[in-house]
Amino acid sequence: MNPISSLVFLLLLTVFPTQILCQSLIDQACGYTSYKSLCLSTLQSDNEAKSAKDLLTIAKVALKYTGTKAQEVNAEVKKLQGSAKDEGLKQALTDCAENYGDAIDQIKSSTTALGSKKYNDVKTWVSAAMNDADSCEQGFQDQSVKSPIASLSTTFTQLSSNVLAITNHL
């Protein structure tokens, strides 16, 4: 690096140290994931992630968004249950409501485990929540109906995958 570039970098680091270091922490964490663009868009929009000083905080924020998405999917399932006419769809939605209820509980357990730094427990609970999402989607296939929540389920699974990837580096 030439002397002028070094001076500019040092000046930027002095003036904006938190933004530069935290941005690189977000970039580092998302670099571990399979769904980097989702990871970046999620974490870069969050003030806690932007001011994080360690990867554990980044993992907590990522897990928070995963839990929020599970609740969003569950709310959509319950809304659809009220208007479903097709018996196969009704059955699949009933199963999904149970699956996502379990997933929400598992994400809550993951949050507790992460706070206690029990990373293997985090991975177990997040993996179980992902399995619940898969079971939900399988229910639609089993009933030969198109999933009305496929996009939401995919996002939940991708967020979960990102949490696992980040947790693997704690």
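From a predicted model like this one, the values you see are computed outputs, not experimental measurements. (Residues numbered from 1 in each chain as written. Predicted model: local features only at pLDDT ≥ 70, side-chain atom pairs only at ≥ 80, totals over all residues. Heavy atoms only, no water.)

### Some words on the state of the cysteines
(1) Moving on: Applying the stated criterion to the full structure yields two disulfides.
(2) Moving on: The disulfide bridge from Cys 30 ends at Cys 39, spanning 2.1 Å between sulfur atoms. As the torsion about the S-S bond is roughly -75°, the Cys 30-Cys 39 disulfide counts as left-handed. With respect to burial, Cys 30 and Cys 39 carry one shared label: buried.
(3) Moving on: At a sulfur-sulfur separation of 1.8 Å, the disulfide partner of Cys 96 is Cys 136. Taking the sign of the S-S torsion, 95° for the link of Cys 96 and Cys 136, the bridge is right-handed. One end of the pair, Cys 96, is in helix α6 (residues 87-115); the other, Cys 136, is in helix α7 (residues 119-142), and 40 residues separate them in sequence. In this structure, Cys 96 and Cys 136 share a single accessibility class: buried.
(4) Moving on: For the chain, the bonded cysteines connect in the pattern 1-2, 3-4 when numbered consecutively along the sequence. (Disulfide = S-S within 2.5 Å. Buried < 20%, exposed > 50% of the residue type's maximum accessible area, 1.4 Å probe, protein only. Helix = DSSP H or I, 4+ residues; strand = E, 2+ residues; numbered from the N terminus.)

### Points about the environment of Glu 48
(1) Moving on: Counting through the fold element by element, Glu 48 comes out in helix α4 (residues 47-50).
(2) Moving on: A C-alpha to C-alpha distance of 7.2 Å links Glu 48 and Val 61, two positions 13 residues apart in sequence.
(3) Moving on: If sequence neighbours within four positions are ignored, Glu 48 has contacts with Thr 57, Val 61 and Lys 64. (Contact = heavy atoms within 4.5 Å.)

### Focus on unusual backbone geometry
(1) Moving on: In this structure, Lys 117 takes a positive phi of about 60° despite not being glycine.
(2) Moving on: Within the secondary structure, Lys 117 is located in the loop between α6 and α7.
(3) Moving on: Lys 117 gets classed as exposed once you look at its relative accessible area, which sits at 53%.
(4) Moving on: With a phi close to 55°, Ser 144 is a non-glycine residue in the positive phi region.
(5) Moving on: Tracing the backbone through its elements, the reader meets Ser 144 in the loop between α7 and α8 (150-167).

### Quick word on a negative patch on the surface
(1) Moving on: Where like charges cluster on the molecular surface, the negative patch consists of Asp 95, Glu 98, Asp 102, Asp 105 and Asp 142.
(2) Moving on: Looking at the negative patch element by element, the count peaks at four residues for α6.
(3) Moving on: Here Glu 98 is to be found in helix α6. (Patch = residues over 30% accessible without salt bridge, like charges linked within 9 Å, V, L, I, M, F, W, Y side chains within 5 Å. Areas by Shrake-Rupley, 256 points an atom, 1.4 Å probe, with all protein chains shown as cover. Salt bridge = Lys/Arg side-chain N within 4 Å of Asp/Glu carboxyl O. Lys, Arg positive; Asp, Glu negative; His and termini not counted. Charge placed at Lys NZ, Arg CZ, Asp CG, Glu CD.)

### A look at the confidence of the model for the chain
(1) Moving on: Across the chain, the average pLDDT comes to 91, with 86% of residues at 70 or higher.
(2) Moving on: Here residues 16-22 scores under 50 on pLDDT; set against residues more than four positions off or in separate chains, the count is eleven contacts. (pLDDT = per-residue confidence, 0-100.)

### Some thoughts on the pattern of salt bridges
In a structure, side chains of opposite charge can pair up when their charged atoms sit close to one another.
(1) Moving on: For the structure on display, the rule yields four salt bridges.
(2) Moving on: Across the pair Glu 76 and Lys 79 runs a salt bridge, and its minimum N-O distance is 3.4 Å. Here Glu 76 pairs with Lys 79, and both are found in helix α5 (residues 55-83), just three residues apart, close to one helical turn.
(3) Moving on: Since its relative accessible area comes to 55%, Lys 79 is described here as exposed.
(4) Moving on: Of the charged contacts, one joins Glu 87 and Lys 90 as a salt bridge, the two residues approaching to 3.6 Å between their closest N and O atoms. Placement of both Glu 87 and Lys 90 in helix α6 is noted, with a separation of three residues, approximately one turn of the helix.

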